[in-house]
Amino acid sequence: MMSSDWALRVEQLSKRYRIGERNYHRSLREQLLQGLRRLWPWQAKRRAPPSGDSTGPLLPQHDGNSECSAESEAEFSAEVEPQHAVRARLGRGGEFWALRDVSFDIPRGEMVGFIGRNGAGKSTLLKILTRITEPTAGRAEIRGRVGSLLEVGTGFHPELTGRENVFLNGAILGMRREEIRAKFDEIVDFAGVAHFIDTPVKRYSSGMAVRLAFAVAAHLDAEILLVDEVLAVGDAEFERKCLRKMNTVARDGRTVLLVSHNLTAVQRLCRRVIWLDQGQITADGPCLPVVRRYIEACKQREHLSPLIKPGSPYRAIDCRVNGAPLGRTVALLGNEPLHVAVVCESAEPTRRPRLDLAFYRSDGLKVFACATDRTLDADDGRRSRRWEFDLCFERLDLAPAEYYFDLGVRSDFHGEYDILWNRVCELTAATAVPAIAADAVLLPPVRASARAA
Amino acid sequence: MSRDVTVIRSGRGWQPLELAELWRYRTLLWVFLLRDLKTSYKQTVLGPLWAVLPPLLTTALFTLVFGVLLGRGNEPSAPGVPYALSTLCALLPWRLFAGCLTGIGNSLANNQSLLTKIYFPRMIFPLSAMLMPLLDAAVTFVLLIGLMLWYGIAPGVTLLAAPAFIGLALAAALALGLWFAPLSATYRDLGMAVPYLLNIALYLSPVIYAAASLQRALPDWAVTIYWLNPMACAIEGMRWSFFNSAPLPWGSVAGGAGLVFALLVGGAFFFRRMERSIVDVI
């Protein structure tokens, strides 16, 4: 592309993680011990734990720190992908390429969507473009000021009032004081929290806080806006507001990079879509054909065998949906029960792990998430080699559509799953109740009548 | 509309300090100070008294233990200056140093959520950790002047040099902190070690005693080594500027300041070098 009016130009961008580089709580003592082991290899043979000592977390994560909230904890926020794909990207010496030779140009004023499975490298790409982390190789050139809507509410302080947080958040995002002051009313108005602007944010409902945070970020005067999964922050009305805002942003000649699993939103907003897979660009072109190819590819891929975290003590013994082993499409009437049963074992007795389930509509809308324990601490101290999990839904009352879910077993807080089934089961819900809105998610049982009175 | 081109690429080895970029983000320092100010006394009973009480209570304690119970042998640095006054004067730079160093050391580890989600010059974190201790020091300064007047001692013209020694204590904390912060983000051990090391350093610095009393007790070479401690220079410098009695060993003070400067420049480059990989390991 010889267009001279580019806003962003990425050339052969690559990012490598070393396995174990993201070890949590890496203490000096461990490092010293490792160094000693290297000096006396015979010691290492005797002392090295059976799981191997260099298998730390494999992949970069969004939210692995202890601050993760109860909601995000139930999500599958860790970037994971099927084992074969991981292996394919493992270089020698335990290297892992989250991005490999990615190149593209984006002209000014274009709105480009980035799609791809979890772990495809989308978030890594945005993190490099926002300078949070550095690329291992390659370069990117950005013309103009960059604003990012990566994690809504970053830096919000619960003790401060809404007004104070607007200034704090704005400054963190790179706005000058006068700029914030000039836009203050607009921001508050957009968020719809005018009545509570002098109330501490800790008294806000989570929806209000997120709306305020989004409003600050959306009013950033950036020529290039990087947006990561923020459209699903509020109710339907607020989402419409956001989409409208994004449209005006694009019309103003600003450039937008939108990362989303919400294919509906991507289709609505973007003319061009880049599909990332395994750290590389699979397709880059007009929206509709690329999204179609992507959906096809997702359908074809069957992840029947789970992804096991390297070094994890657990192995999956059984996983059944409504009594049938995985691997079949399950048809479900909207009001029928859904029963998920998972059995896992480990060589040594372990404390109680947890089974999480995240349920999505086929377009990526998250319908709900739940788990066998509320927190990972809810543990009676029992240890066992074999754990059996059951999640029983008496009825789901889903509107007719296609759904799938992810299942994960984990034993620590860091968000990494020991065993993970991605998109394990495609469900087709049908219903006997006549539905009016085709895009609705739920069809709750209703006793309806209309009488002439 | 600005059309500056930002180039992102992998930087290897030592990087320039980019002080100009740091300056562009100065609003952030101000905003962080306001945040800390507004939140630090929330849900406390004593409120801002927390800025006043600790230096006074520590002074009272030290005076009781070292000035009264243990008696003589702990001469104040200046003849005619009460022990309590001399100690409060020493506590000003000392508490500033200790507060800053603790804050800076934990600044990266404590701001993990910001660090991994948004970019601004990482140097902002250690710098903003120095603001609240600095404010504390300002309160202590007022207390100290008040106590002096109460004792009937008028500050002399040397008081004008006090900011230089406060600056030395700040620079010493920043110099060490810039080395500590990236390391303690990776190795959490350091976060635990810093308070302990500070405890030891309290006794290695002339806070509860005066450097002059050491000069009588130690051989010359040991005194020379002692003065390499930049905090010895800062504290004795404070006493000199407030009470102007004992002359300062200017050669040693210059040496201490030089050491701080070298550590500071080295620390800044070290920090820049480490900050690039911190997101991936924190």
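## A short note on the overall build of chain B
1) Next: Counting its regular elements, chain B contains 13 helices and one strand.
2) Next: Going residue by residue from the N terminus, the α and β elements of chain B occur as β-α-α-α-α-α-α-α-α-α-α-α-α-α.
3) Next: In chain B, buried positions account for 50% of the 282 residues.
4) Next: Residue pairs in contact within chain B that sit at least 24 positions apart in sequence constitute 82% of those at least 6 positions apart.
5) Next: Approximately 12,800 Å² of chain B is accessible, and the part contributed by carbon and sulfur atoms is 70%.

## Let's talk about the confidence of the model for chain B
1) Next: In this model, chain B carries an average pLDDT of 86, and 95% of its residues clear a pLDDT of 70 or more.
2) Next: Under the prediction, the complex receives an ipTM of 0.77, its pTM being 0.69.

## Some words on the confidence of the model for chain A
All names here are of chain A.
1) Next: In the predicted model, chain A carries a mean pLDDT of 74, and the fraction of residues at 70 or more is 72%.
2) Next: Mean pLDDT in chain A bottoms out at helix α3 (residues 70–73), which sits at 30, and peaks at strand β8 (residues 272–277), which reaches 92.
3) Next: Here residues 21–25 is a poorly scored stretch, pLDDT under 50, and it has 19 contacts once near neighbours within four places are set aside; other chains count.
4) Next: The low-confidence segment residues 43–88 (pLDDT under 50) makes 106 contacts with residues lying over four places distant or belonging to another chain.

## What about the packing of helix α6 (residues 162–172) of chain A against helix α8 (residues 206–218) of chain A?
All names here are of chain A.
1) Next: Direction vectors running N to C along α6 and α8 enclose 40°, while the axes themselves pass 10 Å from each other. Between α6 and α8, the angle falls in the class oblique. As for how α6 packs across α8, the hand of that crossing is right-handed. In contact with Gly 162, Val 166, Asn 169 and Gly 170 of α6, α8 contributes Leu 212, Ala 213 and Val 216.
2) Next: When grouped by side-chain class, the residues that make up the contact of α6 with α8 number four nonpolar, three polar and no charged.

## Section: helix α8 (residues 162–186) of chain B
Residue and element names in this part refer to chain B.
1) Next: Spanning 25 residues, α8 covers 37 Å between terminal C-alpha atoms, matching the ideal 36 Å at 1.5 Å per step.
2) Next: Helix geometry: α8 is bent most strongly at Gly 177, by close to 35°.
3) Next: Extensive coverage of α8 is indicated by the burial of 18 of its 25 residues.

## Points about the nonpolar core
1) Next: Of all hydrophobic cores here, the largest spans 135 residues; its most connected members are Ile115(A), Trp94(B), Phe120(B) and Phe242(B).
2) Next: Once residues within four sequence positions are removed from consideration, Phe242(B) is found in contact with Cys89(B), Phe141(B), Leu144(B), Ile145(B), Met148(B), Pro155(B), Gly156(B), Leu159(B) and Ala162(B).
3) Next: Of all hydrophobic cores here, the second largest spans 29 residues; its members include Leu326(A), Leu338(A), Leu355(A) and Val409(A).

## So, the sheet that holds strand β14 (residues 338–350) of chain A
Residues and elements named next belong to chain A.
1) Next: The sheet built from four strands is open, its strands ordered β12-β11-β14-β17 with antiparallel pairing. The two strands at the open ends of the sheet, each matched to only one other strand, are β12 (324–325) and β17 (384–393).
2) Next: Where strand β11 (residues 314–321) and β14 come together, seven bridges link them in antiparallel fashion. Bridge assignment links Arg 320 to a residue of β14, and that residue is Ala 341.

Calculation notes
Residues numbered from 1 in each chain as written. Chains lettered and ligands numbered in written order. Predicted model: local features only at pLDDT ≥ 70, side-chain atom pairs only at ≥ 80, totals over all residues. Heavy atoms only, no water. Helix = DSSP H or I, 4+ residues; strand = E, 2+ residues; numbered from the N terminus. Buried < 20%, exposed > 50% of the residue type's maximum accessible area, 1.4 Å probe, protein only. Contact = heavy atoms within 4.5 Å. Areas by Shrake-Rupley, 256 points an atom, 1.4 Å probe, with all protein chains shown as cover. pLDDT = per-residue confidence, 0-100. Axes fitted to C-alpha atoms, helices over the stretch in contact; angles between N-to-C directions. Parallel < 35°, antiparallel > 145°, perpendicular 65-115°, else oblique. Left-handed = near helix turned anticlockwise from the far one by under 90°. Nonpolar A, V, L, I, M, F, W, Y, C, P; charged D, E, K, R; others polar. Expected span 1.5 Å × (residues − 1). Bend = angle between axes of the 7 residues up to and from the residue. Core = buried A, V, L, I, M, F, W, Y, C linked by side-chain atoms within 4.5 Å. Pairing = 2+ DSSP bridges.

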